[in-house]
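Okay, here's what each chain looks like letter by letter:
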Amino acid sequence: HEIKGYILTIYLVEKEGELLLLDGCARPDFNVVKAFIENDLGYQLSDLKLVISTHPHPDHFGALSLFKKAGIPIAGPPELNDWYTGFLGFLTYWVDILLMYLVAINKKRGFYNTLFPRSVELDLILKDGDRIPGFEEWSVLKCPGHTNMDLTLYNSELSLAYIADNVVGSENKLFRPYPLFKPHLYKESLQRYIDLDIQEIMIAHYGRFKLNKEKLKKLIE
């Protein structure tokens with residue numbers, strides 16, 4: 001399922017009456033996801049078995065504490081809580097919040113409370129090659145670049161991957177994300193998508209579309 005979130009497209013996997021949320025969303029998205037599960041799908045929030053954060057930015061991390069408070073297990077990369085620690089992390093936190101508001105203004109999404117705890121205890125640590133419990137057709141790929149820890153969630157059966165912010169734009173024009181933390185690792189991550197012969201991708205700020213390998217190669221170059 002694709003759900004319109006505060007500033008991103010939210011992806012919710014449904015399998016045999018159980019649900020998996022492919023990213024941690026922004027704080028305002030908690031109620032959006034809850035309403036969709038209960039009103040549109042007719043499930044209970046407890047049918048959501050896991051929420052994953054692919055990387056520590058406010059629109060991918062911001063709702064984690066609310067899901068955890070509601071009793072939903074949360075998961076992410078082992079370094080997730082390092083991003084906002086210390087004085088530099090404190091400054092990064094407020095810069096990231098500001099950047100999210102700038103995107104929200106551009107999308108005419110209004111102002112909401114987007115503040116969130118800078119760390120949260122994860123129930124499950126996800127590393128490269130792991131399978132998602134209960135959703136074993138989904139595997140974890142560590143594909144850094146946008147941050148030093150970005151996760152891609154890959155369904156080999158469908159040749160489909162949720163790559164979060166590792167590409168922005170649309171199927172017609174692909175751009176690198178901002179900021180770019182590790183350019184050399186970012187190129188390797190993009191090449192990995194090509195080597196795996198991924199056919200379709202889902203990105204956080206657009207939707208699902210067929211991956212054009214030639215455009216991806218040009219982005220690497």
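Here, the structure is the one placed above.
A brief report on the enclosed structure follows. (Residues numbered from 1 in each chain as written. Predicted model: local features only at pLDDT ≥ 70, side-chain atom pairs only at ≥ 80, totals over all residues. Heavy atoms only, no water.)

1. A short note on the overall build of the protein
Reasoning step 1: Within the protein one finds 6 helices and 14 strands.
Reasoning step 2: For the protein, whose C-alpha radius of gyration is 16 Å, the value lies close to the compact-globule estimate of 17 Å for 221 residues.
Reasoning step 3: Across the 221 residues that make up the protein, the buried fraction comes to 50%.
Reasoning step 4: As displayed, the protein offers around 10400 Å² of accessible surface, 52% of which is attributable to carbon and sulfur atoms.
Reasoning step 5: Side-chain charges in the protein split into 25 positive and 29 negative, and the spacing between the mean points of these groups amounts to 6 Å. (Helix = DSSP H or I, 4+ residues; strand = E, 2+ residues; numbered from the N terminus. Rg over C-alpha atoms; globule rule 2.2 N^0.38 Å. Buried < 20%, exposed > 50% of the residue type's maximum accessible area, 1.4 Å probe, protein only. Areas by Shrake-Rupley, 256 points an atom, 1.4 Å probe, with all protein chains shown as cover. Lys, Arg positive; Asp, Glu negative; His and termini not counted. Charge placed at Lys NZ, Arg CZ, Asp CG, Glu CD.)

2. What about the pattern of salt bridges?
Reasoning step 1: Counted by the stated rule, this structure contains 8 salt bridges.
Reasoning step 2: For the salt bridge of Asp 128 with Arg 192, the shortest nitrogen-to-oxygen distance reads 2.8 Å. Of this pair, Asp 128 sits in the loop between strand E6 (124-125) and strand E7 (131-132) while Arg 192 sits in helix H5 (residues 183-195), and the two are 64 residues apart along the sequence.
Reasoning step 3: Salt-bridge contacts for Arg 208 lead to Glu 200; the nearest nitrogen and oxygen are separated by 2.9 Å.
Reasoning step 4: The partly exposed category is assigned to Arg 208, whose relative accessible area is 40%.
Reasoning step 5: Given the relative accessible area of 25%, Glu 200 is considered partly exposed. (Salt bridge = Lys/Arg side-chain N within 4 Å of Asp/Glu carboxyl O.)

3. Remarks on the sheet that holds strand E13 (residues 200-203)
Reasoning step 1: Overall, mixed pairing links the 6 strands, which are arranged E7-E8-E9-E10-E13-E14 in an open sheet. With partners counted over all chains shown, the strands left at the sheet margins are E7 and strand E14 (208-210), one partner each. (Pairing = 2+ DSSP bridges.)

4. Points about the nonpolar core
Reasoning step 1: Counting 55 residues, the largest nonpolar core has Leu 20, Leu 21, Leu 22, Leu 48, Phe 67, Ile 132 and Trp 138 as its most contacted members.
Reasoning step 2: A per-element tally of this core places helix H4 (residues 86-106) first, with 5 residues.
Reasoning step 3: Leaving out residues up to four positions away in the same chain, Leu 21 has contacts with Ile 10, Tyr 11, Leu 12, Val 33, Leu 48, Leu 50, Val 51, Ile 52 and Phe 67.
Reasoning step 4: With 18 residues, the next largest nonpolar core counts Leu 141, Ala 161, Ile 163 and Leu 190 among its residues. (Core = buried A, V, L, I, M, F, W, Y, C linked by side-chain atoms within 4.5 Å. Contact = heavy atoms within 4.5 Å.)

5. As for the environment of Val 103
Reasoning step 1: Mapped onto the fold, Val 103 is located in helix H4.
Reasoning step 2: In this structure the C-alpha to C-alpha distance between Val 103 and Pro 28, which are 75 residues apart in sequence, comes to 14 Å.

6. A few points about the packing of H5 against helix H6 (residues 213-220)
Reasoning step 1: As a packed pair, H5 and H6 sit with axes 10 Å apart at the nearest point and diverge in direction by 165°. For the element pair H5 / H6, the angle class is roughly antiparallel. As for the relative orientation of H5 and H6, their crossing is left-handed in sense. Residues Tyr 186, Lys 187, Leu 190, Gln 191, Tyr 193 and Ile 194 of H5 lie in contact with H6, whose contacting residues are Lys 213, Leu 216, Lys 217, Leu 219 and Ile 220. (Axes fitted to C-alpha atoms, helices over the stretch in contact; angles between N-to-C directions. Parallel < 35°, antiparallel > 145°, perpendicular 65-115°, else oblique. Left-handed = near helix turned anticlockwise from the far one by under 90°.)

7. So, the side chain of Ser 189
Reasoning step 1: By the element assignment, Ser 189 lies in helix H5.
Reasoning step 2: A polar atom in the side chain of Ser 189 sits 3.4 Å from the backbone oxygen of Cys 143.
Reasoning step 3: Apart from residues lying up to four places away in sequence, Ser 189 is in contact with Cys 143, Pro 144 and Asn 166. (Polar contact = N/O pair within 3.5 Å; in protein donor to acceptor, adjacent residues only side chain to side chain.)

8. Here we look at the sheet that holds strand E5 (residues 74-76)
Reasoning step 1: With respect to topology, 6 strands assemble into an open sheet ordered E1-E2-E3-E4-E5-E6, the strand pairing being mixed. Where the open sheet ends on each side, the last strands, each with one partner, are strand E1 (2-4) and E6.
Reasoning step 2: Summarising the sheet, strand E2 (residues 9-15) and strand E3 (residues 18-21) pair through 4 bridges and their orientation is antiparallel. When the bridges of E3 are listed, Lys 15 appears paired with Glu 18.

Keep in mind these values describe shape, not function.
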